[in-house]
Amino acid sequence: MAEGVLTATSTVAAANPYATAQHQFDQAASILGLDEGLRQVLREVRRELTVNFPVRMDDGSIRIFTGYRVQHNLTRGPAKGGIRYHPQVSLDEVKALAMWMSWKCAVTNLPYGGSKGGVICDPSQLSLQELENLTRRFASEISILIGPESDIPAPDVNTNPQTMAWIMDTISMEKGYSVPATVTGKPLSIGGSQGRPAATGRGVMVVTLEACRRQGIDPTQSTVAIQGFGNVGSVSAELLHAQGFKVVAVSDVFGGIHNPEGLDVPALIEHVRVNGKVEGFGGATEAISNAGLLELPVTILIPAALENQLTMSNAAQVKARVVVEAANGPTTPEADDVFHQRGVTLVPDILANAGGVTVSYFEWVQDLQSFFWEESEINSRLTRIMQRAYEQVDDLAKEHQTTLRMGAYCLAVKRVADATSVRGIYP
Ligand code: NAD
């Protein structure tokens, strides 16, 4: 979990993420020549639940918080999607994230639909007890939607395995028995999966290697800058470093550090564990702003924080050859166009960060069977799924002479559209 409040660094008015998600869908629907009725079904979320709920604070007072759980699509299976705690959570953000989850699960061909949840709060201002109270009451409020067969939450920004344990316990208490498959990203001791904490970053590493292989880029001659050093950013940095990439800059909400000779990533991870931020890491590092990091002369740029970081105001200044979207929605549609025109390869979020939901799927399968796999099996299955998805996305992008984002959308939207039309309209 990040230590501080996360705020957007973008200087332009932030794009509405739901408008971005619908715009991307509309583009794909046009490429696919999707039937008008199907378009209307798939460009809206199916269910949106808003809950206003009381939490007892440490001083004995009661505070009301607002949260959301949104299900975009349930056609191919239960909905799947994380829960985010952040002061700037909005219904439109959660709707966008839910829609992206549908496409992400379809790109990797997992038998899931898409959902997302969020609570408007600043976790850095809450005690552990208050966080637990908030989490348990939120879980209870959304329990009308969540469960192993209907909708399965997981960690996202500012939530972690402990948050998932509280949700699993709350739902289990209401049922009267343990229901581990209610959430994924749990601690191992209550049915979590080997490899889940590192899964999103591992997937980012796999697709980065794929992008390099296809572009003829030698990892050992490549530099990487990563924005965001939480679960996804730090694991991506660690695994890319182990593959021989030179990670030259990283940042978090408090600021960034840069060393053109390469950062000692394992030492940096230890520094962050102790100090809670990348700032102050020793060695020949200089401070760099989040905005400056995005424009560094690196081979690979990995946004791994929040939405709307690559926009019209900085896309032309990005010097990376490859952008790997570890975060959800970091690039606005206008910046996408700039990258496309400039020949920058962009590995889209719905492919790049799908490693997390893939291992969440493995965790859910293991929980349902009460039979647990070795980490080596998890990691090799994950690698195969990510490589296959990349290949299918790349093939479609070439076939339609379009971007990898649209290749991924064509793959995903077609899978969901086919499932929707074969099931038909109820009643
Ligand atoms: P996290 O809370 O563990 O870490 C977020 C990191 O981003 C922190 O280091 C924080 O300081 C930093 N940050 C926040 N705002 C920033 C800003 N404006 N500039 C620079 N850094 C900033 O969250 P996470 O789980 O690592 O998620 C990061 C992104 O990855 C999100 O977009 C999330 O939706 C996406 N994602 C996460 C998972 C997962 O399994 N956790 C899976 C898929 C996608």
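Numbers given for residues are sequential positions, taken from 1 along each chain in its written order. Local features in this predicted model are restricted to residues of pLDDT 70 or higher, and side-chain atom pairs are both shown and tallied only at a pLDDT of 80 or more, whereas totals for entire chains, interfaces and linings draw on every residue. Note: side-chain values were computed over all heavy atoms of the structure, leaving out hydrogens and water.

1. Section: the overall build of the protein
- The secondary structure listing takes helices from DSSP runs of H or I that are at least 4 residues long and strands from runs of E that are at least 2 residues long, numbered from the N terminus. When its secondary structure is counted, the protein shows 14 helices and 12 strands.
- Dimensions of the protein, computed from the C-alpha atoms along their principal axes, are close to 55 × 55 × 45 Å.
- Across the 427 residues of the protein, 59% fall into the buried class.
- When the accessible surface of the protein is split by element, carbon and sulfur atoms take 50% of a total near 16,800 Å².
- Treating the 35 positive side-chain charges of the protein as one cloud and the 45 negative ones as another, the clouds have centres 5 Å apart. Buried means the residue's accessible area, taken with a 1.4 Å probe over protein chains only, is under 20% of the maximum for its type, while exposed means over 50%, and partly exposed covers the values in between. For the accessible areas, the method is Shrake-Rupley and the probe is 1.4 Å, while residue cover comes only from the protein chains on display. Counted charges follow a simple rule, with Lys and Arg positive, Asp and Glu negative, and His plus the chain ends left uncounted. Taken as the charge centre is NZ of Lys, CZ of Arg, CG of Asp or CD of Glu, depending on the residue.

2. Topic: the packing of aromatic side chains
- Any two rings among Phe, Tyr and Trp, with Trp reduced to its six-membered ring, count as a pair given centres within 6.5 Å; such a pair is stacked if its planes are under 30 degrees apart, edge-to-face if over 60, and tilted if neither. Counted according to the given criterion, the structure contains 9 aromatic pairs.
- Arranged with centres 5.7 Å apart and planes meeting at 5°, the rings of Phe 25 and Trp 103 form a pair that is stacked. With Phe 25 in helix 1 (residues 17–32) and Trp 103 in helix 3 (residues 91–107), this pair connects stretches of sequence that are 78 residues apart.
- When the centroid spacing of 6.2 Å and the interplanar angle of 35° are considered together, the rings of Tyr 361 and Trp 364 count as tilted.

3. Description of the domain arrangement of the protein
- Taken domain by domain, the protein comprises domain 1 (44–182) and domain 2 (199–352).
- Look at where the C-alpha atoms of domain 1 and domain 2 centre, and you get two points 28 Å apart.
- We call two residues in contact when some of their heavy atoms are within 4.5 Å. In this complex, domain 1 contributes 11 residues to the contact, which on the side of domain 2 involves 8 residues.
- Where domain 1 abuts domain 2, roughly 790 Å² becomes buried across the two surfaces, and 61% of that area is made up of carbon and sulfur atoms.
- Reported buried area values correspond to the accessible surface (1.4 Å probe) lost by two parts on association, with both partners' losses combined. Summed over the three residues of domain 1 that lose the most area to domain 2, namely Trp 100, Lys 104 and Val 107, the buried surface amounts to 54% of that side.
- We note a salt bridge from Arg 84 to Glu 307, for which the minimum N-O separation is 3.1 Å. Segment limits for the domains were obtained from an automatic or database-derived domain assignment. Salt bridge, as used here: a side-chain nitrogen of Lys or Arg that lies within 4 Å of a carboxyl oxygen of Asp or Glu.

4. What to know about helix 4 (residues 128–141)
- Every helix has an expected span of 1.5 Å times one less than the residues it contains. Its 14 residues place the ends of helix 4 20 Å apart at the C-alpha level, agreeing with the 20 Å of an ideal helix rising 1.5 Å per residue.
- Every buried residue belonging to helix 4 is among Glu 130, Leu 131, Leu 134, Thr 135, Phe 138 and Ala 139, and all of these are buried. All buried residues of helix 4 project into a common sector of 160° when viewed along the axis, lining one side. The directions from the helix axis to the C-beta atoms form the arc being described.

5. Things to note about the nonpolar core
- Counting 88 residues, the largest nonpolar core has Trp 103, Val 107, Val 250, Leu 268, Ile 302, Val 324 and Val 347 as its most contacted members.
- Both of domain 1 (44–182) and domain 2 (199–352) provide at least three residues apiece to this core.
- When residues no more than four places from it in sequence are discounted, the contact partners of Val 107 are Ile 350, Leu 351, Ala 389, Val 393, Ala 408, Leu 411, Ala 412 and Arg 415.
- To define a nonpolar core, start from buried Ala, Val, Leu, Ile, Met, Phe, Trp, Tyr and Cys residues and group those joined through side-chain atoms within 4.5 Å. Counting residues in hydrophobic clusters, the runner-up holds 24 residues, among them Val 51, Phe 138, Ala 139 and Ile 171.

6. A closer look at unusual backbone geometry
- Note that the residue after Tyr 426, namely Pro 427, is joined by a cis bond; omega there is 5°.
- By the secondary structure assignment, Pro 427 is in the segment after helix 14 (404–423).
- Phi at Gln 401 takes a positive value of approximately 50°, unusual for a residue other than glycine.
- Within the fold, Gln 401 resides in the loop between helix 13 (375–399) and helix 14.

7. Let's talk about the sheet that holds strand 4 (residues 113–120)
- Read from one edge to the other, the open sheet built from 5 strands follows the order 1-2-4-3-5, with strand pairing classed as mixed. Bordering the open sheet on either side are strand 1 (47–56) and strand 5 (151–155), each of which pairs with just one other strand. Across the sheet, the mean angle from the axis of one strand to that of its neighbour is 25°, orientation sign disregarded.
- As paired elements, strand 3 (residues 79–86) and strand 5 share 5 bridges and run parallel to each other. DSSP calls a pair of strands paired once it identifies at least 2 bridges connecting them. Every axis corresponds to a line fitted to the C-alpha atoms, with the helix fit spanning only the stretch in contact, and the corresponding angles, defined between N-to-C directions, vary from 0 to 180 degrees.

8. Notes on the sheet that holds strand 9 (residues 286–288)
- Pairing in this open sheet of 7 strands is mixed, and the strands run 9-8-7-6-10-11-12 from one edge to the other. The open sheet terminates on both sides in strands that have one partner only, identified here as strand 9 and strand 12 (345–347). In this sheet, adjacent strand axes meet at a mean angle of 20° when their direction is disregarded.
- Summarising the sheet, strand 10 (residues 300–303) and strand 11 (residues 322–324) pair through 2 bridges and their orientation is parallel. What sits directly across from Ile 300, in strand 11, is Val 322.
- Running over the sheet, helix 7 (residues 231–242) touches strand 6 (223–227), strand 7 (246–252) and strand 10 and is turned about 170° from strand 6.

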